[in-house]
Amino acid sequence: MTKTPDQAKASTIWGGRFAGGPSAVMQRINASIDFDKRLYAQDIRGSKAHCAMLVKAGILSDADGRAIVQGLDRIRQEIESGEFVFRTELEDIHMNVETRLAELIGEAAGRLHTARSRNDQVATDFRLWVRDTIDGMEKALKDLQAALLDKAEAHSATVMPGFTHLQAAQPITFGHHLLAYVDMFGRDRSRLADARVRMNECPLGSAALAGTSFPIDRHQTALELGFDRPCANSLDGVSDRDFALEFLSVAAISAVHLSRLAEELVLWTTAQFRFVSLSDSFTTGSSIMPQKRNPDAAELIRAKAGRVIGNLNSLLIVMKGLPLAYSKDMQDDKEPVFEAADTLELSLAAMTGMISDLTVNADRMARSAGAGFTTATDIADWLVRAAGGPFRQAHHITGQVGRLAEERGVELEGLSAGDLQAIDPRLTLDVFSVLGVEQSASSRTSFGGTAPANVAKAVQAARQRYL
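Let me sum up the structure you'll find in this document. What you see as residue numbers is a count from 1 along each chain, following the sequence as written. With the structure being a predicted model, the display of local features is reserved for residues of pLDDT at least 70 and the display and counting of side-chain atom pairs for 80 or more, all residues being used for whole-chain, interface and lining totals. Note that water and hydrogens are dropped before the side-chain values are worked out from all heavy atoms of the structure.

### A few points about unusual backbone geometry
No. 1: A cis amide bond links L324 to the next residue, A325, at an omega of 10°.
No. 2: Of note in this structure, H165 is not a glycine but carries a positive phi near 60°.
No. 3: Note on placement: H165 falls in the loop between β1 (159-164) and β2 (167-173).
No. 4: Since its relative accessible area comes to 77%, H165 is described here as exposed.
No. 5: The phi angle at R274 is positive, at roughly 55°, despite the residue not being glycine.
No. 6: Turning to its location among the elements, R274 is positioned in the loop between α11 (242-268) and β5 (276-277).
No. 7: Relative accessibility under 20% of the residue-type maximum defines a buried residue, over 50% an exposed one, and the middle range a partly exposed one, all with a 1.4 Å probe and only protein chains included. A relative accessible area of 39% places R274 in the partly exposed class. Numbering goes from the N terminus for both helices and strands, where a helix is a DSSP run of H or I of at least four residues and a strand is a run of E of at least two.

### Focus: the side chain of R116
No. 1: Checked against the element boundaries, R116 lands in the loop between α6 (93-105) and α7 (118-154).
No. 2: Neither His nor the chain ends is counted toward charge; the positive residues are Lys and Arg and the negative residues Asp and Glu. By definition here, a salt bridge exists when the distance from a side-chain nitrogen of Lys or Arg to a carboxyl oxygen of Asp or Glu is within 4 Å. One buried charged residue, R116, remains without a salt bridge, the closest side chain of opposite sign being E98 at 4.9 Å.
No. 3: Side-chain atoms alone can form a polar contact between residues adjacent in sequence; in general such a contact is a pair of N or O atoms within 3.5 Å, and within protein one must be able to donate a hydrogen while the other accepts it. Only 3.0 Å separates the side chain of R116 from the side chain of S47, close enough to count as a polar contact.
No. 4: When neighbours within four sequence positions are excluded, R116 is seen to be in contact with S47, H50, Q121, L204 and A207. Only heavy atoms enter the contact rule, under which two residues are in contact if any of them lie within 4.5 Å.

### Focus on the environment of S239
No. 1: Summarising the element assignment, S239 is placed in helix α10 (residues 234-239).
No. 2: Between the C-alpha atoms of S239 and S442, which are 203 residues apart in sequence, the distance is 56 Å.
No. 3: Among residues more than four places away in sequence, those in contact with S239 are M319, L324, A325, Y326 and M330.

### Here we look at the pattern of salt bridges
Oppositely charged side chains can form a pair if their charged atoms are brought close together.
No. 1: One pass over the structure, following the stated rule, counts 26 salt bridges.
No. 2: Between E201 and R229 there is a salt bridge whose closest N-O contact spans 3.2 Å. Of the two residues, E201 sits in strand β3 (residues 201-202) while R229 sits in strand β4 (residues 229-230), which places them 28 residues apart along the sequence.
No. 3: In this structure E201 comes out as partly exposed when scored by relative accessible area, which is 24%.
No. 4: A salt bridge links K334 to D333, with the nearest nitrogen and oxygen atoms 2.8 Å apart.
No. 5: Linked through salt bridges whose partners overlap, the residues forming this network are R74, E78, R87, E89, R100 and E103.

The following block contains the structure:
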């Protein structure tokens, strides 16, 4: 049977072991070029480092080394200019680059693959890509923190209700609330930095799984590519995808943080809250209700968290049953990582824009801050300080005060001195000095508390720590 041109090319790639080429279905399921072409820059960079090492080790001639580097530079230019034709029958980015290199420089191209395998090649490319992505994501998180800090500084004294169980709890400041997210995203950056340190070992030179008999210098290639060291075990070098899982774990946690903030923006922009409003840049209208301004960007960020979490789960399931070393299952490691990175990058940019543009309704926040007896704890604290009794007793007395206010249909400040003293004679007129929401927030001066003076200092400390 006569082989088609595509079958002839494919069987040549696979080597002399195969007499025939793959079926069309096999080509489709086996090919990864549609997505792993994103690794082109890392693939070329890794090949150039490998080439330099082979030349220095005397495995490759200087002339061949120069030709290979020039050819690889030409290929990168072709890819970035859109001239390069990616071919599915060549399966992946590695063979697409190598085949084009052979077209450009001839036989010398075939010497580049000495002492390496596609197994250690892709593991190296993928680590480089994830490492580069971490660096970009760290910058995006930093930009979001900067936007949050600017808004927190402007509203260090803007009082709003703080919630537990989404029930009004105690007055806080809006600046204090935003600072909580600054620290959340700070931990995300810290996790990314930790993951980067752990992944910064180079698989190149592990070859297929057992290393190589050629006298290569793996420390040279590791150093050339910015790694701290080569992977210590060749089996682990080609089969490890912890770095991808750890990146996805951090991405999922960060997406959850974004989703929580997005949920609050959705709530705060409702007519029932009216704490903030978003600009036209991040809202949409309704096709039927002209009064509507929908916080679609926030809602989409909230939804996309599920996709990032799903990407993590997907790769965990791929990896959970694989024996050492490489299995083709691991070709499916890249799409979840690529999608998670793209999704998180977009979500971070959208959230940074929303925070920068949002308008705060400080009057509405202040009016809502006292609803639901949010200063009740201040009465209990005042009783402890003024009367010296145990807090549990003060808590019980304050509960009676709250019940009376609820029966009367007034806030705590609406009760008279007589009402309070009928409950407990120690509740003198002085207690009214702590019932205002501004006074309540200002009194929370403990480290990490919501007092405006604290918030102003915390903003400056966060700028020094994170920016």
